[in-house]
Amino acid sequence: MEGIDHLADERNKAEFDVEDMKIVWAGSRHAFEVSDRIARLVASDPVFEKSNRARLNRKELFKSTLRKCAHAFKRIIELRLNEEEAGRLRHFIDQPAYVDLHWGMFVPAIKGQGTEEQQKKWLSLANKMQIIGCYAQTELGHGSNVQGLETTATFDPKTDEFVIHTPTQTASKWWPGGLGKVSTHAVVYARLITNGKDYGIHGFIVQLRSLEDHSPLPNITVGDIGTKMGNGAYNSMDNGFLMFDHVRIPRDQMLMRLSKVTREGKYVPSDVPKQLVYGTMVYVRQAIVADASIALSRAVCIATRYSAVRRQFGAHNGGIETQVIDYKTQQNRLFPLLASAYAFQFVGEWLKWLYTDVTERLAASDFATLPEAHACTAGLKSLTTTATADAIEECRKLCGGHGYLWCSGLPELFAVYVPACTYEGDNVVLQLQVARFLMKTVAQLGSGKVPVGTTAYMGRAAHLLQCRSGVQKAEDWLNPDVVLEAFEARALRMAVTCAKNLSKFENQEQGFQELLADLVEAAIAHCQLIVVSKFIAKLEQDIGGKGVRPNAVALVDAFNYTDHYLNSVLGRYDGNVYPKLFEEALKDPLNDSVVPDGYQEYLRPVLKQQLRTARL
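Keep in mind that what you see is a predicted model, and the values were worked out from it rather than measured.

Q: Would you mind going over the overall build of the chain in detail, with residue names and values included?
A: Helix and strand counts for the chain come out as 20 helices and 11 strands. Since a compact globule built from 616 residues should have a radius of gyration of about 25 Å, the 27 Å found for the chain is in line with a globular shape. Principal-axis analysis of the C-alpha atoms places the extent of the chain at approximately 90 × 80 × 60 Å. Once local pairs closer than 6 in sequence are excluded, the contacts in the chain between residues at least 24 apart make up 73%. In the form shown here, the chain has an accessible surface area of approximately 29,900 Å², with 54% of it arising from carbon and sulfur atoms. Distance from the positive charge centre (70 side chains) to the negative charge centre (70 side chains) of the chain: 3 Å.

Here you go:
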């Protein structure tokens, strides 16, 4: 019934203060207060309504996205929101859009790779959205292998211009978000060629569309790559294709912080260390890990609340049935996902610290921690996105048949989220980068070099290779030290075994190819150890030991998601699921009429056995 909290009994079981836990989840009281205020602002604005997304066709969906983005920017200006608040507002609108790439990729690329002069020119326009940009790297024929990109940027000393060209069909830019219909500019990655020499991949700012009528500029072919998986979902984003036919740009539109081409066509590396480009990569990947915790927590929130509402079997003599959440099989599948949501959130917070630390070190020309930071962010991006995609689908199954309904929120959440397993680095490829870092670390163990940071446990190799768990009873696994050492021993043994097997090959690269599967597993074990270590540290510091079952609903309440943001009938805060399922069903266009369109032409002839005379 309306106005009744059907989950009140569950909330009364909580053994902790939910308001305090909201702050733990958010990372600080300030972060909680900003998120809470902005989430409610978005939820109360009718322009940001999204419950009908599945019923919109692609053009309608895209136009509604443009409206929401324009309205959001208007509200940001009217309310004088700062950068943090504006970011939260775009987040809670919860609709993939060109602004994600403008602020998340285009602007950071210019900040990271542009000179001070270039930043002053382009960021002043981008920050006011007088230009809208995207990040045009991936091509039809190459994604993960960036060095294999085919687009060329050939310097012409006669005109002091670069000529951007797409030499083959596979060189077409393909997938960049915001490119298909919106972006006026792009950071285009191409092979820099000057004086007949190929200097590899560099970034160039290229105008794509007129700032007067938005039409593509001459010799530029651009459009949307087509409908993607799911209803609504990522189809609000205009992922695009792009081809250049000898398009000329001024020389100073090459991003020149790390290297430049002189007026005479000479290629000159700058004094700025090339390692600085990794700072942007660390930033992007830590943001992806943070997004993983959000997506996973949304799915877990829906599945947990619905599991507490849903009752099946167990009734005796006409009594009440058992809550689904009380079945051990449900708990064994659901509660580890709840723990993972918190663990990913905490490791995401740690990665933010790591990014800040790396940025400060890079500014001081200290590159000592860069290999580890690169390996951490690559591996954790891979681990968390793979686990989250799998977990969202598991949460759908945990909700039974109703989880398959679009209004459950889970099918769209899955369709929106799964691209994260591929963009910004294929997940298997990323784990192989981690594996190379681990093999190098293991190889140095005998040299006296002491491992630090996330590989510090390898410094205790002698102990970890010999130790046994020492677990005598199940309760021993509640000891964080026992759990942590078990993960350390497993990660070390898998890495050492791979290193030993690799040493048997005369050709190390051939050995690496032969051992790919084992190397990926070793990398995953190392990344799992990082997640567990950060989770345990936070658990001991801020949370303490609690039973999960009595606190399950309170733990998901601590995510502090509005019903607008969750967009799920099954995950409603008040648990009023069944009447709302009917309401959603009756909104479907098929229910606009009692007798379906097409009855007279196609259904009646079948029922009346009149197919021979029917005009089909």
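Q: Residues and numbers for the layout of surface pockets, please.
A: The computed volume of the second largest pocket comes to approximately 1,000 Å³. Every element with two or more residues in the lining of the second largest pocket is listed here: α9 (328-363), α10 (370-398), α14 (480-503) and α16 (516-543). With nine residues, the single largest contributor to the lining of the second largest pocket is α9. The class makeup of the residues in the lining of the second largest pocket is 23 nonpolar, seven polar and three charged.

Q: Tell me about the UniProt feature "domain: Acyl-CoA oxidase C-terminal" (unreviewed entry) in the chain, and name the residues and values.
A: Mapped onto this structure's residue numbering, the UniProt feature "domain: Acyl-CoA oxidase C-terminal" (unreviewed entry) falls at residues 479-542 and 548-608. Along residues 479-542, the helical share is 91% and the strand share 0%, with 16 Å between the first and last C-alpha atoms. A distance of 59 Å separates the end C-alpha atoms of residues 548-608, which is 49% helix and 0% strand.

Q: Could you give an account of the sheet that holds strand β7 (residues 220-224), naming the residues involved and the relevant values?
A: Here we have three strands laid out as an open sheet, ordered β4-β8-β7, and antiparallel in their pairing. The open sheet is flanked by β4 (173-174) and β7, the only strands paired with a single partner. Both β4 and strand β8 (residues 240-244) contribute to a ladder of two bridges, which runs antiparallel. In the sheet register, Lys 173 faces β8, and the bridge partner there is Leu 242.

Q: Quick one: what's the story with the pattern of salt bridges, residue by residue and with numbers?
A: Under the counting rule described, the total for this entry stands at 35 salt bridges. Two residues, Arg 37 and Glu 85, come together in a salt bridge whose shortest N-O distance is 2.8 Å. With Arg 37 in helix α3 (residues 29-43) and Glu 85 in helix α5 (residues 83-93), this residue pair connects regions lying 48 residues apart in the sequence. With relative accessibility at 12%, the residue Glu 85 sits in the buried group. With a shortest N-O distance of 3.8 Å, Arg 263 and Asp 160 are connected by a salt bridge. With Arg 263 in the loop between β10 (259-261) and β11 (267-269) and Asp 160 in the loop between β2 (152-156) and β3 (161-165), this pair connects stretches of sequence that are 103 residues apart. One continuous salt-bridge network, built from bridges that share partners, spans Lys 50, Arg 53, Asp 94, Arg 298 and Glu 412.

Q: Give a detailed account of the domain arrangement of the chain, specifying residues and quantitative values.
A: Domain boundaries in the chain define domain 1 (1-33 + 273-450 + 547-590) and domain 2 (132-272). Contact residues are listed per partner, giving 12 residues for domain 1 and 12 residues for domain 2. Taken together, the two surfaces of domain 1 and domain 2 that pack against each other cover about 980 Å², and 70% of this comes from carbon and sulfur. When residues of domain 1 are sorted by the area they lose upon contact with domain 2, Pro 273, Lys 274 and Ala 415 head the list and together hold 37% of the total.

Q: If you had to explain the nonpolar core to someone new, which residues and values would you point to?
A: In terms of nonpolar packing, the biggest core is built from 118 residues, with Tyr 342, Leu 380 and Phe 559 touching the most fellow members. At 15 residues, the largest contribution of residues to this core is made by α9. Leave out the neighbours within four places in its chain, and Tyr 342 touches Met 21, Trp 25, Phe 535, Leu 555, Ala 558 and Phe 559. The next biggest cluster of nonpolar side chains, apart from the first, holds 24 residues, and it includes Phe 155, Ile 164, Ala 186 and Met 254.

Q: Describe empty space enclosed by the protein, naming the residues involved and giving the relevant values.
A: All chains considered together, the criterion is met by one cavity of 30 Å³ or more. Roughly 140 Å³ of volume is contained in the largest cavity. Together, 13 residues line the largest cavity, and Cys 69, Ala 72, Arg 90, Ile 93 and Val 99 are the ones closest to its centre. Of all elements in the fold, only α4 (58-78), α5 and α6 (98-113) reach the threshold of two or more residues within the lining of the largest cavity. Per element, the largest residue contribution to the lining of the largest cavity is five residues, and it comes from α4. Residue composition of the lining of the largest cavity, grouped by class: nine nonpolar, one polar and three charged.

Q: Can you tell me about the packing of α9 against α16, naming the residues and giving the values?
A: For the pair α9 and α16, interaxial distance at closest approach is 8 Å and the crossing angle is 95°. Relative to α16, the element α9 lies roughly perpendicular. Between α9 and α16, the residues in contact are Ala 339, Tyr 342, Ala 343, Phe 344, Phe 346, Val 347, Glu 349 and Trp 350 and Ile 530, Val 531, Lys 534, Phe 535, Lys 538 and Ile 543, respectively. Considered class by class, the residues forming the contact of α9 with α16 number 11 nonpolar, no polar and three charged.

Q: Can you break down a nonpolar patch on the surface residue by residue, with the values?
A: Taken together, Tyr 602, Val 606, Leu 611 and Leu 616 make up a surface patch of nonpolar side chains, about 430 Å² in accessible area. In this structure Tyr 602 comes out as partly exposed when scored by relative accessible area, which is 49%.

Q: Requested: an account of the UniProt feature "active site" (unreviewed entry) in the chain, with residues and values cited.
A: Within this numbering scheme, the UniProt entry marks Glu 424 as carrying the feature "active site" (unreviewed entry). Within the fold, Glu 424 resides in the loop between α11 (410-417) and α12 (427-443). By relative accessible area, Glu 424 is classed as partly exposed at 27%.

Q: Can you break down the side chain of Asp 94 residue by residue, with the values?
A: You can see Asp 94 is positioned in the loop between α5 and α6. Once you skip the residues sitting within four places of it in the chain, Asp 94 turns out to touch Lys 50, Arg 53, Arg 298 and Tyr 565.

Q: A description of the environment of Gly 143 should follow, citing residues and the corresponding values.
A: With respect to the helices, strands and loops of the structure, Gly 143 is situated in the loop between β1 (133-136) and β2. Judged by its relative accessible area of 34%, Gly 143 falls in the partly exposed class. C-alpha separation for the pair Gly 143 and Trp 174, spaced 31 residues apart in sequence, amounts to 9.2 Å.

The rules behind these values
- Residues numbered from 1 in each chain as written.
- Predicted model: local features only at pLDDT ≥ 70, side-chain atom pairs only at ≥ 80, totals over all residues.
- Heavy atoms only, no water.
- Helix = DSSP H or I, 4+ residues; strand = E, 2+ residues; numbered from the N terminus.
- Rg over C-alpha atoms; globule rule 2.2 N^0.38 Å.
- Contact = heavy atoms within 4.5 Å.
- Areas by Shrake-Rupley, 256 points an atom, 1.4 Å probe, with all protein chains shown as cover.
- Lys, Arg positive; Asp, Glu negative; His and termini not counted.
- Charge placed at Lys NZ, Arg CZ, Asp CG, Glu CD.
- 1 Å grid on protein atoms, 1.4 Å probe; cavity = no way out; pocket = protein on both sides within 12 Å on 5 of 7 lines; lining within 4 Å.
- Points joined across faces, edges and corners; volume = space filled by probe spheres on them.
- Nonpolar A, V, L, I, M, F, W, Y, C, P; charged D, E, K, R; others polar.
- UniProt positions renumbered as here; feature names shortened; annotations may be inferred.
- Pairing = 2+ DSSP bridges.
- Salt bridge = Lys/Arg side-chain N within 4 Å of Asp/Glu carboxyl O.
- Buried < 20%, exposed > 50% of the residue type's maximum accessible area, 1.4 Å probe, protein only.
- Domains from an automatic or database assignment.
- Buried area = accessible area lost by both parts, 1.4 Å probe.
- Core = buried A, V, L, I, M, F, W, Y, C linked by side-chain atoms within 4.5 Å.
- Axes fitted to C-alpha atoms, helices over the stretch in contact; angles between N-to-C directions.
- Parallel < 35°, antiparallel > 145°, perpendicular 65-115°, else oblique.
- Patch = residues over 30% accessible without salt bridge, like charges linked within 9 Å, V, L, I, M, F, W, Y side chains within 5 Å.

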